[in-house]
Amino acid sequence: MKRIFILFLFSILSFSTLFANSGPGYKIRVKLENYASNELIIGFHYGEKQYVKDTATLGADGFFTFEADTLFPPGVYLLVLKPDNNFIQILLDDKNQQITVTTDAKDSVNKMKVKGSLDNEVFYEYLGYLNKQRPIADTLRAQLSRAKGNVADSTRIANKILDIDKSVKKTQQDLIAKYPNSMAAKIVKAAIEPEVPEFKGVEKEVAKKKFYWIREHFFDNIDIADPAMLRSPVLHSKVDYYITKLTPQHPDTVNAALDYLFQKMQGKFNGENYKYYLIHFLNHYAKSNIVGFDACYVHIANEYYCKGQAAWTKKEDLEKICDNARRLEPILIGKIAPNITVMDRNNHPSALWDVDADYTVLFFWATDCGHCKKAAPHMVEFAKKFKDRGVKVFAVCTGVVTSKEESNTPEKVHESCWKGLAEKEFSDELFFNTYDPYIRSRYKMVYDVQTTPQIFILNRNHEILMKRIGGEQLGEVMEQVMKFQEEKKKGK
């Protein structure tokens, strides 16, 4: 939805802000075997993406050296290898960033040697352990697949796999217990899913209990307010999964989940994660093509931006965001559609709310609109199919009078609209055909008609049931809407 104002993340969160930590500075020296390029890039995770921070050239001592007087913010950083952009991960805490890394570009985990960083020593010892266990587990799983039907062999192999899982869990727990405040422990712990307890009862009820338990405890092993997690590959995937998979996809439920996340991210550390995700989700729902989810944009704008909870936002940007929210709120799904009074073919007033029908399809179209031309036969077919089923189409031609162009006089607009009706077969038998050449009804602002065609489905009480759908989809959507409304009446 391009009509909604979008904030550009790095115009708000500048690189100077991201890398403003004071301290003795960082000095990261890297020596790579089996690496042909004389350039090495250091980058960083940030939310859902990765960014480049600096480039170093190979020195006479055989090392790539990254050096500055400031500290990197803590997180997982990437040594990006040319030309294929493979990378080696290094952990940086918020104190000591004077480290030396020596490894093999083709076997970075097993050949890794680190001086000056216990965090990275611990982390790579753990990764090396996983590298040794993985092929053993893969071999056992392949054997288990081949052993189907042989109970004894299957049991024996399954127990061996279970032993490996137990060993991995113990290694993780030992690392976390021994180095509880380290970056390595934070990353390892964050990747561990909380263990779901056993629930008793009917299968359907047990599944429901498990789902709600997972939702409630999903972030037990990660502090989602910690900026170090924002600069890791862990946080964003968990936040995204929580919103898109663990939250029922209804705007009200999603809004409640967003509020929960924002609350957990506020007030701790420097609020950077709150700031990042407030911008991220505002942009995400501004661009969403899923019908009805503009309600999430409106919610974030009204509850956070327009209430002073996004103090970093420039005044002109804030005004645009809040203006968008004000325009969109009256036409959200579930709201009562604003009444408009427009003119019929004979220039007599015709009000939207005067339509006597179980369902009204409000249809804005333009005579010079290519998409309207494509939608026209679908609209005619729809009107014929549903005219005896309590559905009426209220069509508004969006031609307007302009004082600067002779081609847009009242007479010309009238002629253009009704000539267009004939061309598209929008007969008065099938449609309530209207126009508003002077836009006295303010329909363009009231219904946010910035492009055409625009279609809204209303019930008898003028409640908006569906919107932003194409003419070719209208028949199918209408069937679903009617079915849902009938089931709703029956209390299903």
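In this numbering scheme, every chain counts its residues from 1 along its sequence in written order. Only residues with pLDDT of at least 70 are given local features in this predicted model, and only at 80 or more are side-chain atom pairs given and counted; all residues enter the totals for whole chains, interfaces and linings. The basis for every side-chain value is the complete set of heavy atoms in the structure, and neither hydrogens nor water enter the calculation.

Considering the overall build of the chain
Here comes step 1: Helix and strand counts for the chain come out as 16 helices and 15 strands.
Here comes step 2: Here the chain has a C-alpha radius of gyration of 30 Å; the compact-globule value for 492 residues is 23 Å, and the former is much larger.
Here comes step 3: Seen along its three principal axes, the alpha-carbon backbone of the chain occupies a region of about 85 × 65 × 40 Å.
Here comes step 4: Only protein chains enter the accessibility calculation, which uses a 1.4 Å probe. A residue is then buried if its area is under 20% of the maximum for its type, exposed if over 50%, and partly exposed in between. Counting across all 492 residues of the chain, residues that qualify as buried make up 47%.
Here comes step 5: Any two residues whose heavy atoms approach within 4.5 Å are treated as being in contact. Taking the contacts inside the chain whose residues are at least 6 apart along the sequence as the reference set, 67% of them involve residues at least 24 apart.
Here comes step 6: Every accessible area reported is derived by Shrake-Rupley at a probe size of 1.4 Å, with residue values counting cover from the shown protein chains alone. Surface summary for the chain: the accessible area is close to 26100 Å², and the carbon and sulfur share equals 50%.
Here comes step 7: Treating the 69 positive side-chain charges of the chain as one cloud and the 63 negative ones as another, the clouds have centres 3 Å apart. Numbered from the N terminus, helices here are DSSP runs of H or I no shorter than four residues, and strands are runs of E no shorter than two. It is over C-alpha atoms that the radius of gyration is taken, and the globule rule equals 2.2 Å times the number of residues to the power 0.38. This count recognises Lys and Arg as positive and Asp and Glu as negative, with His and chain-terminal groups excluded. The location of each charge is read from NZ of Lys, CZ of Arg, CG of Asp or CD of Glu.

As for the nonpolar core
Here comes step 1: Ranked by internal contacts, the top residues of the largest apolar core, which has 91 residues, are Ile-28, Phe-281, Tyr-285 and Ile-300.
Here comes step 2: If we ignore the near neighbours within four places in the chain, the residues touching Ile-28 are Ile-42, Phe-64, Thr-65, Phe-66, Phe-72, Ile-90, Leu-92, Gln-97 and Ile-99.
Here comes step 3: Put simply, a nonpolar core is a bunch of buried Ala, Val, Leu, Ile, Met, Phe, Trp, Tyr and Cys residues held in one set by side-chain atoms that sit within 4.5 Å of each other. Within the second largest apolar cluster, 34 residues are counted, among which are Cys-417, Tyr-435, Val-477 and Met-482.

Thoughts on the environment of Asp-223
Here comes step 1: Structurally, Asp-223 is set in the loop between α6 (203-217) and α7 (227-230).
Here comes step 2: A relative accessible area of 29% means that Asp-223 is categorised as partly exposed.
Here comes step 3: Between the C-alpha atoms of Asp-223 and Leu-79, which are 144 residues apart in sequence, the distance is 25 Å.
Here comes step 4: Identification of polar contacts relies on pairs of N or O atoms within 3.5 Å, with a donor-acceptor requirement for protein atoms, meaning one able to donate a hydrogen and the other able to accept it, and with residues adjacent in sequence counted only if both atoms are side-chain atoms. Of note is the side chain of Asp-223, whose polar atom sits 3.0 Å from the backbone nitrogen of Ala-225.

Focus: the pairing of strand β7 (residues 98-104)
Here comes step 1: Among the 7 residues that make up β7, 5 are buried, leaving the element largely enclosed by the rest of the structure.
Here comes step 2: In the sheet, strand β1 (residues 26-33) pairs with β7 via 7 bridges, with the strands oriented parallel. Bridging from a neighbouring strand, Lys-27 pairs with Gln-98 of β7.
Here comes step 3: Here, a strand pair is defined by DSSP locating no fewer than two bridges between the strands. Sheet topology note: the β7/strand β8 (residues 113-115) ladder contains 3 bridges and is antiparallel. The partner of Thr-102 across the bridge, within β8, is Lys-113.

Some thoughts on unusual backbone geometry
Here comes step 1: Going from Lys-82 to Pro-83, the amide bond is cis rather than trans, its omega being 0°.
Here comes step 2: A cis geometry characterises the amide bond from Thr-452 onward to Pro-453, with omega recorded as 0°.
Here comes step 3: Note that Pro-453 resides in the loop between α15 (443-446) and β14 (454-459).
Here comes step 4: The phi torsion at Asn-347 lies on the positive side, around 65°, for a residue other than glycine.

Concerning the state of the cysteines
Here comes step 1: Disulfides are defined in this document as cysteine sulfur pairs within 2.5 Å. Taken as a whole, this structure holds 2 disulfides when the rule is applied.
Here comes step 2: Note that Cys-306 is cross-linked by a disulfide to Cys-322, the S-S spacing being 2.1 Å. Its S-S torsion of about -125° marks the bond between Cys-306 and Cys-322 as left-handed, since a negative value means left-handed. With Cys-306 in the loop between α11 (294-305) and α12 (315-328) and Cys-322 in helix α12, this pair connects stretches of sequence that are 16 residues apart.
Here comes step 3: The class of Cys-306 is partly exposed, set by a relative accessible area of 33%.
Here comes step 4: Judged by relative accessible area, Cys-322 falls into the buried class, the value being 10%.
Here comes step 5: Put simply, Cys-397 and Cys-417 are joined by a disulfide, and their sulfur atoms are 2.1 Å apart. Here the disulfide of Cys-397 and Cys-417 is left-handed, its torsion about the S-S bond being about -75°. Placement of the pair is Cys-397 in strand β12 (residues 391-397) and Cys-417 in helix α14 (residues 410-424), with a sequence separation of 20 residues.

Quick word on the packing of helix α13 (residues 370-386) against helix α16 (residues 471-490)
Here comes step 1: Lines fitted to C-alpha atoms define the axes, with helix axes restricted to the stretch in contact, and inter-axis angles between N-to-C directions lie between 0 and 180 degrees. The contact between α13 and α16 brings their axes to 7 Å, and the two run at 30°. Viewed along their axes, α13 and α16 adopt a mutual orientation that is roughly parallel. On the side of α13, the interface is formed by Ala-375, His-378, Met-379, Phe-382, Lys-385 and Phe-386, while α16 contributes Gly-471, Glu-472, Leu-474, Gly-475, Met-478, Glu-479 and Met-482.
Here comes step 2: By the convention adopted, Pro, Cys, Tyr, Trp, Phe, Met, Ile, Leu, Val and Ala count as nonpolar, Lys, Arg, Asp and Glu as charged, and the other residues, Gly among them, as polar. Partitioning the contact of α13 with α16 into residue classes produces 7 nonpolar, 3 polar and 3 charged. Working rule for angles: under 35 degrees goes down as roughly parallel, over 145 as roughly antiparallel, 65 to 115 as roughly perpendicular, anything else as oblique.

A short note on the environment of Thr-253
Here comes step 1: The topology assignment puts Thr-253 in helix α9 (residues 251-265).
Here comes step 2: For Thr-253, a relative accessible area of 26% corresponds to the partly exposed category.
Here comes step 3: It is 12 Å that separates the C-alpha atoms of Thr-253 and Gly-292, two residues lying 39 residues apart in sequence.
Here comes step 4: Non-local contacts of Thr-253, meaning those with residues more than four positions away in its chain, are made with Thr-247 and Pro-248.

Focus: the sheet that holds β1
Here comes step 1: Across the sheet, 4 strands lie side by side as β4-β1-β7-β8; this open sheet has mixed pairing. Each edge of the open sheet is held by one strand with a lone partner, namely β4 (64-68) and β8. Strand-to-strand twist in this sheet, taken as the mean axis angle between neighbours without regard to direction, amounts to 10°.
Here comes step 2: Bridge count between β1 and β4: 5 bridges; the pairing is antiparallel. Within β4, the residue paired with Ile-28 across the bridge is Phe-66.

Things to note about the sheet that holds strand β2 (residues 39-46)
Here comes step 1: Strand order in the open sheet formed by 4 strands is β3-β2-β5-β6, and the pairing between neighbours is antiparallel. A strand with exactly one partner marks an edge of an open sheet, and here the two such strands are β3 (49-57) and β6 (86-92). This sheet shows a mean twist of 30° between the axes of neighbouring strands, independent of strand direction.
Here comes step 2: Pairing of strand β5 (residues 75-81) with β6 involves 7 bridges; the strand directions are antiparallel. From the neighbouring strand, Leu-78 faces β6, where its bridge partner is Gln-89.

Thoughts on the environment of Glu-411
Here comes step 1: Looking at where Glu-411 falls in the secondary structure, it is placed in helix α14.
Here comes step 2: Expressed as a C-alpha distance, the spacing of Glu-411 and Pro-437, which sit 26 residues apart in the sequence, is 9.7 Å.

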